[in-house]
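Listed here are the chains, written in short residue letters.
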Amino acid sequence: MYTKSYYQLPTMITQHQILEKVSQLLDEGALRSTLRETMQQISAATLRKAHQQIETNHSIGKLVITA
């Protein structure tokens, strides 16, 4: 996603334009996040629980673990 800015390509301004458009679409509700669950506190128990959930292959959307 950040290849253009990482390599300082002449077209890197288009990355800004794309992100601005995505931001606008999110604000308008035309796009939605795929976030489905947020787990609190990074710990061994939380990581085990998250890993077990992902391993079921029944997860839909993204799972986030916050600090």
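For the structure itself, look to the data block above.
Report follows, based on the coordinates. For every chain, the first residue of its written sequence is number 1, and the numbers climb from 1 along that sequence. Local features are withheld for residues below a pLDDT of 70 in this predicted model, meaning they are given only at 70 or higher, and side-chain atom pairs are given and counted only at 80 or more; totals for whole chains, interfaces and linings count all residues. The basis for every side-chain value is the complete set of heavy atoms in the structure, and neither hydrogens nor water enter the calculation.

## Structural notes on the packing of aromatic side chains
The rule is short: rings of Phe, Tyr and Trp, with Trp giving its six-membered ring, pair when the centres are within 6.5 Å, and they are stacked under 30 degrees, edge-to-face over 60, tilted in between. Applying the stated rule across the entire model yields one aromatic pair. Taking the centre distance of 4.8 Å and the plane angle of 85° together, the rings of Tyr6 and Tyr7 count as edge-to-face. Of the two residues, Tyr6 and Tyr7, both sit in the exposed class. Buried residues are those whose accessible area, probed at 1.4 Å on protein chains only, stays under 20% of the maximum for their type, while exposed residues exceed 50% and partly exposed ones sit between those limits.

## Considerations on helix 2 (residues 13–28)
The first and last C-alpha atoms of helix 2 sit 23 Å apart over 16 residues, in line with the 22 Å expected at 1.5 Å per residue. Phi turns positive one or two residues past the end of helix 2, at Gly29, with a value near 85°. Here a strand is any run of E in DSSP of at least two residues, a helix any run of H or I of at least four, and the numbering for each starts at the N terminus. Expected span, for any helix, means 1.5 Å times one less than how many residues it has.

## Quick word on the pairing of strand 2 (residues 62–66)
In summary, the side chains of a regular strand alternate between the two faces of the sheet. Two strands qualify as a pair provided DSSP detects at least 2 bridges between them. Bridge analysis of strand 1 (residues 35–40) against strand 2 gives five bridges, and the strand direction is parallel. Note on strand 2: the bridge partner recorded for Leu35 is Lys62. Of the crossover connections in this fold, the one passing from strand 1 over helix 3 (residues 44–55) to the parallel strand 2 is right-handed. Handedness is read with the strands pointing away from the viewer; a crossover is right-handed when the path from the first strand over the helix to the second is clockwise.

## Focus: unusual backbone geometry
Phi at Gln8 is positive, roughly 50°, even though this residue is not glycine. For Gln8, the location among the structural elements is in the loop between helix 1 (3–6) and helix 2. The exposure class assigned to Gln8 is exposed, which follows from its relative accessible area of 56%. Of note, the phi angle at Gln41 is positive, near 70°, even though the residue is not glycine. Taking relative accessible area as the criterion, Gln41 reaches 55% and is therefore assigned exposed.

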